[in-house]
Amino acid sequence: MFKTILEYQALDEKLSNLERDYNSLPERDNLNKLASLVKENQAKLVEVDGLAKKAIIVFEKTKSDFENIKKQMENISTDTSSMTEVERTKSIEKLEKFTLDLSNFERNLSSQVENIKSILNSFETYKNNVLSFKQKYKDAKEKCSEIESKFIPQIKEIKAKLALIEEKVEPNLMNRYKQIKQDQRLPVIIANNGSACGGCSMSIPAALMTKLKDRGYIECEQCRRIIYNLDMLKNE
C-alpha cells in the first residue's frame, strides 16, 4: 500500500516543481507586465481623449465670446461729433473695456491653444505606446506559448498518472494526505527514523511505536505528518 502512495507522493512532488517552474517563467512575468502596460496606456488614452474634448468645448466657447465682443465693438459709433460729453465718455469707456476684454480673451485663447496642443501630443504618445506594447505583447505571447508547450504535455501526463494511482490508494489515507499537503507540511509521508519521526525528529511514544508496527503507519503528534514503518515497506 505504501509503495503506491509513495509513488503518488514522488509524482506529486515532481508536478509541484514543474508547476512552480511553469508559473515562475520570466517570459510569463514579462507577458503580464506588457498586458498591464497596454491597459494603463489605453486608460490614459481614454482619459486624455476626454480632456481634449472638454478643452475644445471651452475653446469654442471662449472663441465665441471673443467674436461677440468684436461685434459689440464694431457697433459702437466712433463718430463722437454729435455726442454729448456724457455720451462721448461712456462710448470711450465701453471701447476701453472691450479692448481690455479682447486682450484678455486673446491671451486666454492662446493659452487654451497651447493646452490643446499639449493634450493632443499626450494623446499621440499614449496611442503610440498602446500600439507598441500591443506588438510587444503579441511577440512575447508567441515566445511564451512556445516555451509553455514544453511544460503543458508533461503536466497533463503527470496529472493523468496521479489520477490512476489515486484509485489504488485507501480513500481515507488519500484524503488525509491532501489535507496535510494543503497545510504545507512537506513531504506529507515520511519514514520513521528508528523510534523518531523522520520529518521533525520528535520521539515516537512507545504506544504509537506499537501501533506503527501493527498498522504500518501513524500520524506524528508533533508535525502531523504521516509516518510509515520503513521495515514494513521493505517487506511489501
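In the block above lies the structure referred to throughout.
Predicted model, so just to flag it, every value in this text is computed and none were measured.

Novice: I'm lost on the overall build of the protein in this one. Help?
Specialist: When its secondary structure is counted, the protein shows six helices and four strands. In the protein, the order of α-helices and β-strands from amino to carboxyl end is α-α-α-α-β-β-α-β-β-α. Against the globule reference of 18 Å for 236 residues, the protein gives a C-alpha radius of gyration of 40 Å, more extended than a compact globule. By its C-alpha atoms, the protein is 130 × 40 × 25 Å across when sized along the principal axes. Within the span of the protein, comprising 236 residues, buried residues form 31% of the whole. Contacts in the protein between residues far apart in sequence, at least 24 positions, make up 72% of those at least 6 positions apart. Where the 40 positive side-chain charges of the protein centre and where its 37 negative ones centre are 5 Å apart.

Novice: I tried to follow the packing of aromatic side chains on my own but got confused; where do I start?
Specialist: Aromatic ring pairs are reported here in terms of the distance separating the ring centres and the angle at which the planes meet. Enumeration over the complete set of coordinates arrives at two aromatic pairs. When the centroid spacing of 5.5 Å and the interplanar angle of 90° are considered together, the rings of Tyr-8 and Tyr-177 count as edge-to-face. Here Tyr-8 is found in helix H1 (residues 2-23), whereas its partner Tyr-177 is found in helix H4 (residues 171-182), with 169 residues between them in sequence. The exposure class of Tyr-8 is buried, given its relative accessible area of 6%. Between Tyr-22 and Phe-151, the ring centres sit 5.9 Å apart and the planes meet at 50°, which makes this aromatic pair tilted. With Tyr-22 in helix H1 and Phe-151 in helix H3 (residues 85-166), this residue pair connects regions lying 129 residues apart in the sequence. Like Tyr-22, the residue Phe-151 is buried in the burial classification.

Novice: I keep staring at the pairing of strand E1 (residues 189-193) and nothing clicks. Help me out?
Specialist: Each regular strand shows side chains that alternate between the opposite faces of the sheet. Across the five residues that make up E1, a large majority, four, are buried. Connecting E1 to the antiparallel partner strand E2 (residues 196-197) that follows it, the hairpin turn spans two residues, and Gly-194 within it adopts a positive phi of roughly 70°.

Novice: Whenever I open this one, H4 confuses me. Can you help?
Specialist: Spacing of three or four residues puts side chains on the same side of an α-helix, whose turn is 3.6 residues. When the terminal C-alpha atoms of H4 are compared, their 17 Å separation across twelve residues agrees well with the 16 Å that a helix rising 1.5 Å per residue should span. For H4, the complete set of buried residues consists of Leu-173, Met-174, Tyr-177 and Ile-180. The buried side chains of H4 occupy one side of the element, clustering within an arc of 130° when seen end-on. Along H4, exposed side chains directed more than 90 degrees from the buried face belong to Pro-171, Asn-172 and Gln-182.

Novice: I would appreciate a short explanation of the sheet that holds strand E3 (residues 217-219) in the present structure.
Specialist: The strands that make up a sheet are held in pairs by hydrogen bonds between backbone atoms, and each pair lies either parallel or antiparallel. Strand order in the open sheet formed by four strands is E2-E1-E4-E3, with mixed pairing between adjacent strands. Looking along the sheet, the strands with just one partner apiece sit at the ends: E2 and E3. Relative to E2, E1 runs antiparallel, the two sharing two bridges. Residue pairing across strands places Asn-193 opposite Ala-196, the latter belonging to E2. Against the sheet, H1 engages E1, E3 and strand E4 (226-228), with an angle of about 125° to E1. Relative to E4, H4 is tilted by about 125°, and along the sheet it contacts E1, E3 and E4.

Novice: Could you clarify how one ought to interpret the side chain of Thr-62 in this entry?
Specialist: Looking at the element boundaries, Thr-62 is found in helix H2 (residues 26-75). The class of Thr-62 is buried, set by a relative accessible area of 7%. Filtering out sequence-adjacent residues up to four positions away, Thr-62 remains in contact with Phe-105, Asn-108, Leu-109 and Gln-112.

Rules and cut-offs
- Residues numbered from 1 in each chain as written.
- Predicted model: local features only at pLDDT ≥ 70, side-chain atom pairs only at ≥ 80, totals over all residues.
- Heavy atoms only, no water.
- Helix = DSSP H or I, 4+ residues; strand = E, 2+ residues; numbered from the N terminus.
- Rg over C-alpha atoms; globule rule 2.2 N^0.38 Å.
- Buried < 20%, exposed > 50% of the residue type's maximum accessible area, 1.4 Å probe, protein only.
- Contact = heavy atoms within 4.5 Å.
- Lys, Arg positive; Asp, Glu negative; His and termini not counted.
- Charge placed at Lys NZ, Arg CZ, Asp CG, Glu CD.
- Phe/Tyr/Trp six-rings, centres within 6.5 Å; stacked < 30°, edge-to-face > 60°.
- Pairing = 2+ DSSP bridges.
- Expected span 1.5 Å × (residues − 1).
- Arc of directions from axis to C-beta.
- Axes fitted to C-alpha atoms, helices over the stretch in contact; angles between N-to-C directions.

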